[in-house]
Amino acid sequence: MAVLDDLFFLLERKGGERYGQEPVSQVEHALQAATLAEAEGAPAGLVIAALFHDIGHLMHENEEAALGGVDMRHEACGAAFLADWFGPDIARPVRLHVEAKRYLCATEAGYFESLSPASKHSLQLQGGPLGVPEARIFAAEPHGEAAMRLRRWDDGAKIVGAQTAKLGHFRALAEALVLPDAGRRRSRL
Ligand code: FE
């Protein structure tokens, strides 16, 4: 399936690049997040959302944007692409995983302190903790819970040398989740 060739190729080809200022590569980060999701018994869609949650970073050329003080809105760009091919159970948690961080920073004691230095830095570029009205909207989001689960795997997927499943392990799972009418479209990657 062409779109999956493209998505897995992106992870393979660009995945060796460092994940921002974190000590792991993009593909290690993606695999650790998906492996954590699977280990927790998450639904298949959420495992694949975890695998592709930062695909928007790999679609951008300027990986060092956060260092330059620019937020590339990788979650919106990744989710917009994924929404052409997969259901909202995959695209929405990806779209909301940054907002989930902002929500957790606003509502959960100790969450901000638990973030990595790079994640604390990007929080500022992303708008900081959610205000009360925004937090209320997030709390009512149908995919908000899933986005928070994804967020915690994201936060935990920065361990140097962690054992994970290989990329190929997730291929059949992803293939089964491509929407039936999506095959007529062409990948825009
Ligand atoms: Fe991430």
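Located above this text is the structure these notes cover.
Since the structure is predicted, the reported quantities are computational estimates derived from the model, not experimental observations.

## Describing the packing of aromatic side chains
The full count for this structure, using the stated rule, is 3 aromatic pairs. Centre to centre, the rings of Phe52 and Phe86 are 6.3 Å apart; their planes meet at 40 degrees, and the pair counts as tilted. Of the two residues, Phe52 is situated in helix H3 (residues 44-52) and Phe86 in the loop between helix H5 (74-83) and helix H6 (88-107); the sequence distance between them amounts to 34 residues. Judged by its relative accessible area of 0%, Phe52 falls in the buried class. Looking at Phe86, the relative accessible area reads 2%, which means it is buried. Taken together through their ring pairs, the aromatic side chains of Phe8, Phe52 and Phe86 make up a single cluster. Sitting over the face of the ring of Phe112, Lys120 holds its NZ or CZ atom 5.4 Å from the ring centroid.

## A short note on the coordination of the iron ion
Tyr19 (OH), His29 (NE2), His53 (NE2), Asp54 (OD) and Asp154 (OD) make up the full set of protein donors to the iron ion, lying at 2.1 to 2.4 Å. Positions of the donor residues of the iron ion, expressed as sequence spacing, correspond to Y-x9-H-x23-H-D-x99-D. Taken together, the positions of His29 in helix H2 (residues 26-39) and Asp54 in the loop between H3 and helix H4 (55-59) put the pair 25 residues apart, joining distant regions of the chain. Each member of the pair, His29 as well as Asp54, is classed as buried.

## What about the nonpolar core?
Formed by 40 residues in total, the largest nonpolar core has its most connected members in Leu7, Leu11, Leu51, Phe52, Leu82 and Phe86. Elements with a minimum of two residues in this core: helix H1 (2-14), H2, H3, H4, H5, H6 and helix H10 (144-156). Here this core gets 7 residues from one element, more than from any other, and that element is H3. Counting 13 residues, the second-largest nonpolar core is a separate cluster that includes Cys105, Tyr111, Leu115 and Ala147.

## Regarding the environment of Lys166
Its place among the elements puts Lys166 in the loop between H10 and helix H11 (171-175). What makes Lys166 exposed here is its relative accessible area of 66%. Taking the C-alpha atoms as reference points, Lys166 and Thr35, separated by 131 residues in sequence, lie 9.3 Å from one another.

## With respect to the packing of H3 against H6
For the pair H3 and H6, the least separation of the axes is 8 Å and the interaxial angle reads 40 degrees. The angle between H3 and H6 falls in the class oblique. At the point where H3 passes H6, the crossing takes the right-handed sense. Along its contact with H3, which presents Gly45, Leu46, Ile48, Ala49 and Phe52, the element H6 presents Asp89, Ile90, Pro93 and Val94. Broken down by class, the residue content of the contact of H3 with H6 amounts to 7 nonpolar, 1 polar and 1 charged.

About the cut-offs
- Residues numbered from 1 in each chain as written.
- Predicted model: local features only at pLDDT ≥ 70, side-chain atom pairs only at ≥ 80, totals over all residues.
- Heavy atoms only, no water.
- Phe/Tyr/Trp six-rings, centres within 6.5 Å; stacked < 30°, edge-to-face > 60°.
- Helix = DSSP H or I, 4+ residues; strand = E, 2+ residues; numbered from the N terminus.
- Buried < 20%, exposed > 50% of the residue type's maximum accessible area, 1.4 Å probe, protein only.
- Lys NZ or Arg CZ within 6 Å of the ring centre and 35° of its normal.
- Donors = N, O, S within 2.8 Å, 3.2 Å for Na, K, Ca; no water.
- Core = buried A, V, L, I, M, F, W, Y, C linked by side-chain atoms within 4.5 Å.
- Axes fitted to C-alpha atoms, helices over the stretch in contact; angles between N-to-C directions.
- Parallel < 35°, antiparallel > 145°, perpendicular 65-115°, else oblique.
- Left-handed = near helix turned anticlockwise from the far one by under 90°.
- Contact = heavy atoms within 4.5 Å.
- Nonpolar A, V, L, I, M, F, W, Y, C, P; charged D, E, K, R; others polar.

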